[in-house]
Amino acid sequence: MRILLTGGAGFIGSHIALLLLERGYDVLILDSFVNSSFNVINRIKTYLDNKDLKYNLKIIKGDIRDKRTVDNIFFESLKESKPIETVLHLAGLKSVSDSVTNPLHYWDVNVGGTLNLLLTMNEYECHSLVFSSSATIYGLSDSIPMSENHNISPINPYGKTKVAIENMFDDLYKSNKNLWKICSLRYFNPVGAHPSGLIGEDPIGIPNNLFPFITQVAIGRRTVLNVYGDNWETRDGSGVRDYIHIIDLAQGHLASIDYLNSNESCLEFINLGSGKGYSVFQIISQFELSTGCQIPFDIQSRRDGDVGVCYADISKAKKLLGWAPKKSLEEICLDGWNWQIKNPNGYT
Ligand code: NAD
Ligand code: UD1
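In what follows, the accompanying structure is described. (Residues numbered from 1 in each chain as written. Chains lettered and ligands numbered in written order. Predicted model: local features only at pLDDT ≥ 70, side-chain atom pairs only at ≥ 80, totals over all residues. Heavy atoms only, no water.)

Among soluble globular proteins, nonpolar side chains are generally buried collectively. Membership of the largest hydrophobic core comes to 48 residues, with the highest contact counts inside it found for Leu-5, Ile-12, Ile-16, Leu-20, Val-27, Ile-44 and Leu-88. Of all the secondary structure elements, the ones that give two or more residues to this core are β1 (2–6), α1 (11–22), β2 (26–31), α2 (39–50), β6 (181–187), α8 (246–261), β11 (266–272) and α10 (315–321). Those residues in contact with Leu-88 that lie beyond four places of it in its chain are Ile-3, Leu-4, Leu-5, Thr-6, Ile-16, Leu-20, Val-130, His-253 and Ile-257. Leu-4, Leu-28, Ala-91 and Tyr-173 belong to the second largest nonpolar core, which has 27 residues in total. (Core = buried A, V, L, I, M, F, W, Y, C linked by side-chain atoms within 4.5 Å. Buried < 20%, exposed > 50% of the residue type's maximum accessible area, 1.4 Å probe, protein only. Helix = DSSP H or I, 4+ residues; strand = E, 2+ residues; numbered from the N terminus. Contact = heavy atoms within 4.5 Å.)

Our next topic: the site of ligand 1. What surrounds ligand 1 is a group of 26 residues, the closest being Asp-31, Asn-35, Ser-36, Lys-94 and Tyr-158. Between Phe-11 and ligand 1, the recorded distance is 2.9 Å, taken from a backbone N or O atom to an oxygen atom. Calculation on ligand 1 without its partners gives an accessible area of 820 Å², and the protein chains cover 94% of this total. Every element with two or more residues in the shell around ligand 1 is listed here: α1, β5 (128–134) and α6 (157–175). For the shell around ligand 1, the leading source of residues is β5, giving three residues. Looking at the shell around ligand 1 residue by residue, the class counts come to twelve nonpolar, ten polar and four charged. (Near = heavy atom within 4 Å. Polar contact = N/O pair within 3.5 Å; in protein donor to acceptor, adjacent residues only side chain to side chain. Areas by Shrake-Rupley, 256 points an atom, 1.4 Å probe, with all protein chains shown as cover. Nonpolar A, V, L, I, M, F, W, Y, C, P; charged D, E, K, R; others polar.)

As a further point, take the site of ligand 2. Neighbouring ligand 2 are 18 residues; Thr-136, Asn-226, Arg-241, Arg-303 and Asp-306 lie closest to it. Measuring from an oxygen atom of ligand 2, one finds a side-chain N or O atom of Asn-189 at 2.9 Å. Interatomic distance of 2.9 Å between a backbone N/O atom of Leu-210 and an oxygen atom of ligand 2. A total of four residues in the shell around ligand 2 trace back to one element, the largest contributor, which is strand β8 (residues 225–228).

Moving on, we come to empty space enclosed by the protein. Tallied over the full model, the rule gives two cavities of 30 Å³ or more. Empty space within the largest cavity amounts to approximately 110 Å³. Considering the residues around the largest cavity, the lining is formed by 13 residues, among which Glu-201, Pro-212, Thr-215, Trp-339 and Gln-340 are closest to the centre. For the lining of the largest cavity, the secondary-structure elements that each account for two or more residues are α7 (210–219) and α11 (329–342). (1 Å grid on protein atoms, 1.4 Å probe; cavity = no way out; pocket = protein on both sides within 12 Å on 5 of 7 lines; lining within 4 Å. Points joined across faces, edges and corners; volume = space filled by probe spheres on them.)

With their axes 10 Å apart at the nearest point, helix α3 (residues 67–79) and helix α5 (residues 103–123) run at an angle of 35° to one another. Once α3 is placed against α5, the crossing between them reads as right-handed. In this structure, α3 uses Lys-67, Val-70, Asp-71 and Phe-74 to contact α5, whose residues at the interface are Asn-116, Leu-117, Leu-119, Thr-120, Met-121 and Glu-123. Tallied by class, residues from the contact of α3 with α5 come to five nonpolar, two polar and three charged. (Axes fitted to C-alpha atoms, helices over the stretch in contact; angles between N-to-C directions. Left-handed = near helix turned anticlockwise from the far one by under 90°.)

Spatial ordering of the open sheet is given by β3-β2-β1-β4-β5-β6-β11, a layout of seven strands whose pairing is parallel. Unpaired on one side and paired on the other, β3 (56–61) and β11 mark the two borders of the sheet. In this sheet, neighbouring strand axes are inclined to one another by 15° on average, regardless of whether the strands run parallel or antiparallel. Here β2 pairs with β3 via six bridges, running parallel. Across the sheet, residue Asp-31 finds its bridge partner in β3, namely Lys-61. Against the sheet, α8 contacts β1, β4 (84–89), β5, β6 and β11, and its axis sits at roughly 160° relative to β6. (Pairing = 2+ DSSP bridges.)

Written out as structure tokens, the structure reads:
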């Protein structure tokens, strides 16, 4: 079965690609490489070659907004009598701060890119889609853990583009209830790396997110971690989030493909998280305990746009997809550290 994986060279996409190929899917990656390195592809191949696995992987360097590129992918697949059966759509921009500075670019890539993809899928009668949405679409926490029914009220342009895309799915699905099969997966905080240490998260510049910042402090690329607030209404005063091992998150996509394959038509919005909340101080302690590294930190004031507590109710994913995260916080720390130690400067 041929799968089109957009954004397949990125942090999340590369882990999904590896699992798909291990499971025997024929995978086409479309990526512009604006936020990823071609080395990722070599690493995926190395991993599979080392395991003596035969695989079908093709890379197309191109932009999701480019009609001709996307059209050509579907056309060529049809010509080879290997039509694309499902699309996993991850290509997009994800920095909250960039989206505030440059909102039109975010609307163009995220919303425009998705629209282009959906139009082409429709033309080629491919109606099966898994999409990368985000927990950032939820408004201030009115109930914890957050279920899919939590109020939707994003506070930044990035989050608004994800909501617009979900609304597009809603209109599309309602236009013909027997046609589309869509899972929109709302990720919480994907972290860690593949246990091989061959692929992992390689943020460009100073990491915005907690986990890669910690591993970069541990390896000596940064001197100190800034902790944004110790006066939240949480047990130890630091912010609480839902950290999910990247492999568990990737497995959630495989489960979604199975779910789509076993359904006539559907539109489901599904949280993917660990279902557990850990504070910044708990993450630091666990990382220090698991790795033996010391993480010096300074307390700073709260970061703009932050909330105190955010973690997922994952009962829908468990019930619908038959999926549940398996990896512990300790495995997250060990695998994240293994990746950082083997690749002190990321892919370069
Ligand atoms: P990433 O930046 O590592 O991966 C995105 C990939 O898309 C990159 O390889 C990039 O080069 C590619 N890309 C960007 N614009 C493109 C375009 N116009 N055409 C083709 N390719 C393009 O990010 P990630 O962390 O792997 O995130 C993947 C998806 O998951 C994104 O849509 C993101 O919004 C979503 N998401 C991520 C997180 C997270 O914490 N990482 C959380 C929630 C949702
Ligand atoms: C952030 C984004 C969110 C995005 C998510 C995943 C903001 C406001 N939110 O969420 O939109 O979907 O990443 O990419 O940017 N922290 C520190 N020091 C740091 C970094 C973070 O103390 O250097 C704290 C934060 O205040 C928070 C926790 O660590 O309490 C996790 O932060 P982060 O990893 O950025 O994730 P989110 O805040 O969940």
